[in-house]
Amino acid sequence: GGIITQTPKFLIGQEGQKLTLKCQQNFNHDTMYWYRQDSGKGLRLIYYSITENDLQKGDLSEGYDASREKKSSFSLTVTSAQKNEMAVFLCASSIEDSTQYFGPGTRLLVL
Amino acid sequence: GEKVEQHESTLSVREGDSAVINCTYTDTASSYFPWYKQEAGKSLHFVIDIRSNVDRKQSQRLTVLLDKKAKRFSLHITATQPEDSAIYFCAHNTNTGKLTFGDGTVLTVKP
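For the structure given in this document, a descriptive report is provided here.

Cut-offs used in this document
- Residues numbered from 1 in each chain as written.
- Chains lettered and ligands numbered in written order.
- Predicted model: local features only at pLDDT ≥ 70, side-chain atom pairs only at ≥ 80, totals over all residues.
- Heavy atoms only, no water.
- Salt bridge = Lys/Arg side-chain N within 4 Å of Asp/Glu carboxyl O.
- Buried < 20%, exposed > 50% of the residue type's maximum accessible area, 1.4 Å probe, protein only.
- Disulfide = S-S within 2.5 Å.
- Helix = DSSP H or I, 4+ residues; strand = E, 2+ residues; numbered from the N terminus.
- Phe/Tyr/Trp six-rings, centres within 6.5 Å; stacked < 30°, edge-to-face > 60°.
- Pairing = 2+ DSSP bridges.
- Axes fitted to C-alpha atoms, helices over the stretch in contact; angles between N-to-C directions.

## Topic: the pattern of salt bridges
Residue and element names in this part refer to chain A. Applying the stated rule across the entire model yields eight salt bridges over all chains. Between Asp38 and Arg44 there is a salt bridge; the shortest N-O distance is 2.7 Å. For Asp38, a relative accessible area of 16% puts it in the buried group.

## Here's the deal with the state of the cysteines
Residues and elements named next belong to chain A. Applying the stated criterion to the full structure yields two disulfides over all chains. Disulfide pairing places Cys23 opposite Cys91 at an S-S distance of 1.9 Å. Given an S-S torsion of about -75°, the disulfide between Cys23 and Cys91 has left-handed geometry. Placement of the pair is Cys23 in strand 3 (residues 19-25) and Cys91 in strand 9 (residues 86-94), with a sequence separation of 68 residues.

## Some points on the packing of aromatic side chains
Evaluation of the coordinates by the stated rule reveals 14 aromatic pairs over all chains. Their ring planes at 55° and their centres at 4.9 Å tell us that Phe33 of chain B and Phe73 of chain B sit as a pair that is tilted. Taken as a pair, Phe33 of chain B in strand 4 (residues 32-38) and Phe73 of chain B in strand 8 (residues 72-77) lie far apart in primary sequence, 40 residues in all. In this pair, the class of Phe33 of chain B matches that of Phe73 of chain B, namely buried. Every member of this aromatic cluster is reached through a ring pair, and the members are Tyr33, Tyr35, Tyr48 and Phe102 of chain A together with Tyr36, Phe46 and Phe101 of chain B.

## Points about the sheet that holds strand 7 (residues 64-70) of chain A
Residues and elements named next belong to chain A. Ordered in space as 1-3-8-7, the four strands form an open sheet in which the pairing is antiparallel. In the strand order of this sheet, the two ends are held by strand 1 (4-7) and strand 7, each with one partner. Strand-to-strand twist in this sheet, taken as the mean axis angle between neighbours without regard to direction, amounts to 15°.

This is how it looks when you write it as structure tokens:
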């Protein structure tokens, strides 16, 4: 088995602030993903990475940057937080297009 | 882009009854259809999947049916229990290998 950890668990930011979320996995999976989940909605893909130093844009990449520093870690940066923004950011990993395993999430609130 | 429509936004059943959640998709190239469960305040947890080379897959009380002609797939839960109460998300892969998620079905199992 393995585990995905996300830090921080809660993130409160100010409008216009740059915010970074981190994800680590010990499954030894090649592919990692960042999703955004808004209340009452499904998941929307922000970025994904199929190997170290690779980055692929998802449907919601505008306003975000990502970095795959090594196989086990994938970071997401909100480049300029929007006032009243509230969402959960979920990190996942998988072997190619197989089952995705999700982390516990980072809850973002922008004041 | 590719879409998946999850037909039931909420579903309420009595303990012991069956629950069925239906999804339809538009991308004829889709070949992988996973289902995820999200309990209150928690992340997504994989429950079952089906690939396009079969039209039925069962795992204990869960069965997934796939109708490729109608571009429809469904999750059937038999002998429901209160711990089945959660949000269930259907998803399917796109031609780039990414997953597209439905908006979720809130299942409530009443004792």
